[in-house]
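# Examination of the molecular architecture
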Amino acid sequence: MRTAAALARATHLGPALAVTAVAVLLAVAADVGPGRAVLVGAAVLAGQAAIGWCNDWLDADRDRAVGRQDKPVVQGAVTPGALRAGTGVAVVLAVVLSLLLGVVPGVLLLVLVASGLAYDAGLKRTALSPLPYLTGFGALPAGVVAAAPGAPGAPWWLVAAGAALGGAAHVANVAPDVDDDLATGVRGLPHRIGAVPSAVAGALLLGVASLLLVLGPDGPPGALGWAACVLAAPAVVLAALAGSPRARRAAFPAVMLLTVLDVVLLLAGGAALT
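About the criteria used
Residue indices begin from 1 for each chain and proceed along its sequence in written order. Side-chain atom pairs in this predicted model are given and counted only at pLDDT of 80 or more, local residue features only at pLDDT of at least 70, and totals for whole chains, interfaces and linings cover all residues. Only heavy atoms go into the side-chain values, all of them from the structure, while hydrogens and water stay out. Helix numbers and strand numbers start at the N terminus; a helix is a DSSP run of H or I with at least 4 residues, a strand a run of E with at least 2. UniProt positions are given in the numbering used here, feature names are shortened, and annotations may be inferred rather than shown by experiment. Each residue is assigned to one of three classes by its accessible area relative to the maximum for its type, calculated with a 1.4 Å probe on protein chains only: buried under 20%, partly exposed between the two thresholds, exposed over 50%. Just so you know, the count uses Lys and Arg for positive and Asp and Glu for negative, and it drops His and the chain ends. Here, a salt bridge means any Lys or Arg side-chain nitrogen found within 4 Å of an Asp or Glu carboxyl oxygen. Contact criterion: two residues are considered in contact whenever any of their non-hydrogen atoms come within 4.5 Å of each other. Each helix should span, by expectation, one fewer than its residue count multiplied by 1.5 Å. Definitions used for this entry: grid spacing 1 Å over protein atoms alone; cavity, a set of points where a 1.4 Å probe fits but cannot get out; pocket, an open set with protein on both sides within 12 Å along at least 5 of 7 lines; lining residue, one with an atom within 4 Å of a point. Grid points are joined across faces, edges and corners, and a volume is the space filled by probe spheres set on the points. Residues are grouped as follows: Ala, Val, Leu, Ile, Met, Phe, Trp, Tyr, Cys and Pro are nonpolar; Asp, Glu, Lys and Arg are charged; all remaining types, including Gly, are polar. Fitted lines through C-alpha atoms serve as axes, helices being fitted only where they are in contact, and the angles separating the N-to-C directions of these axes extend from 0 to 180 degrees. Any angle between 65 and 115 degrees counts as roughly perpendicular, while under 35 counts as roughly parallel, over 145 as roughly antiparallel, and the rest as oblique. For a crossing to be left-handed, the near helix must be turned anticlockwise from the far one by less than a right angle; the clockwise case is right-handed.

## What about unusual backbone geometry?
It is generally the case that most residues other than glycine have a negative phi and that most peptide bonds are trans. Even without being glycine, His-12 reaches a positive phi, approximately 65°. Among the structural elements, His-12 can be located in the loop between α1 (2–10) and α2 (13–29). The phi dihedral of Asp-31 falls on the positive side, at around 60°, and the residue is not glycine. Residue placement: Asp-31 occurs in the loop between α2 and α3 (34–58).

## Let's talk about the UniProt feature "transmembrane region" (unreviewed entry) in the protein
UniProt annotation of "transmembrane region" (unreviewed entry) refers to residues 89–119, 131–150, 156–175, 196–217, 223–243 and 250–273 when read in the numbering used here. Along residues 89–119, the helical share is 90% and the strand share 0%, with 19 Å between the first and last C-alpha atoms. From the first C-alpha to the last, residues 223–243 spans 32 Å; its make-up is 81% helix and 0% strand.

## Details of the side chain of Asp-63
Relative to the helices and strands, Asp-63 resides in helix α4 (residues 60–65). Here Asp-63 sits buried without a salt bridge, and the closest side chain of opposite charge, Arg-62, lies 4.1 Å off (N-O distance). Discounting chain neighbours no more than four positions away, the residues touching Asp-63 are Arg-68, Lys-71 and Val-74.

## Re the UniProt feature "signal peptide" (unreviewed entry) in the protein
Sequence positions flagged by UniProt for "signal peptide" (unreviewed entry) are, in local numbering, residues 1–18. Each end of residues 1–18 is marked by a C-alpha atom, and these two atoms are 23 Å apart; helix forms 83% of the span and strand 0%.

## Topic: helix α8 (residues 130–146)
Residues separated by three or four positions in an α-helix point in the same direction, a consequence of the helix having 3.6 residues per turn. Taking 1.5 Å per residue, 17 residues should reach 24 Å; α8 reaches 25 Å between its end C-alpha atoms and fits that length. The buried fraction of α8 is high, at 13 of 17 residues.

## Quick word on the layout of surface pockets
If a probe as big as a water molecule is rolled over the atoms, it shows which places are left empty. Roughly 170 Å³ of internal volume is contained in the second largest pocket. Counting residues per element, the ones that place at least two in the lining of the second largest pocket are α12 (195–215), α13 (223–239) and α14 (248–272). Examining the composition of the lining of the second largest pocket, we find that four residues originate from one element, α14, more than from any other. Residue composition of the lining of the second largest pocket, grouped by class: nine nonpolar, four polar and one charged.

## Brief notes about the packing of helix α6 (residues 80–99) against helix α7 (residues 103–121)
At a closest axis distance of 7 Å, the pairing of α6 and α7 adopts a crossing angle of 155°. By the angle between their directions, the pair α6 and α7 is classed as roughly antiparallel. Read as a crossing pair, α6 and α7 show a hand that is right-handed. Contacts from Val-91, Ala-94, Val-95, Ser-98 and Leu-99 in α6 reach Val-103, Gly-106, Val-107, Leu-109, Leu-110, Val-113 and Leu-117 in α7. Grouping the constituent residues of the contact of α6 with α7 by class yields 10 nonpolar, two polar and no charged.

## Thoughts on the environment of Arg-249
Here Arg-249 is to be found in helix α14. Taking relative accessible area as the criterion, Arg-249 reaches 78% and is therefore assigned exposed. Placed 192 residues apart in sequence, Arg-249 and Trp-57 show a C-alpha to C-alpha distance of 33 Å.

Take a look at the structure:
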């Protein structure tokens, strides 16, 4: 049981479950059907497990060097070999489960997995570090929508909004670990441009996602869309202050508000396609 719990934590359980939940809810909103919605969730969860395990396997020595006691592999609760094996099993499961949905949705969902693994394998150390987030999270809603029987391709604005959310997620993911990353030679784009520009970029990406999800669908925005615009404008300004230590406490709720707002709009956009 302890090993199983450690393996679960090594998937980066919170983000993995959050991405899976959004995928399932979007599948329900897009009316893919109950069985296929479950299959979407299983495929995405397997892919997220593969990405998380691969990350902790490849970063085991680096995490030990900086004393990351929150990592199961550093605690000795799981070995790098077990994480390597788990990565392989999870990749196979992700491939099989994704392709059971069909070739087009399967390949699109696997773009997210391949993007995450590419990030783990070295892109996070380069100026191209946002690319896997942009491609992976852009492909996710496209894959979910394509899983609906007879569904047309996802509209451009839904894909672009997913990519924008992915870019913002990259900034949020890097922010807590900047010092440890720099100490071990990891210099992705947020590390290179600094905390303040990264926070501004993350806030703008969340704002862009909101605009795309409000203005992208056919017809004028509804009440939810206008309310989102009213809330998003000041929230973007506050969220942009997240790179300043003095303003971080006020900025964090704004970032959370924008994230939740964009997820709600994303689900509403998926429902509008049915």
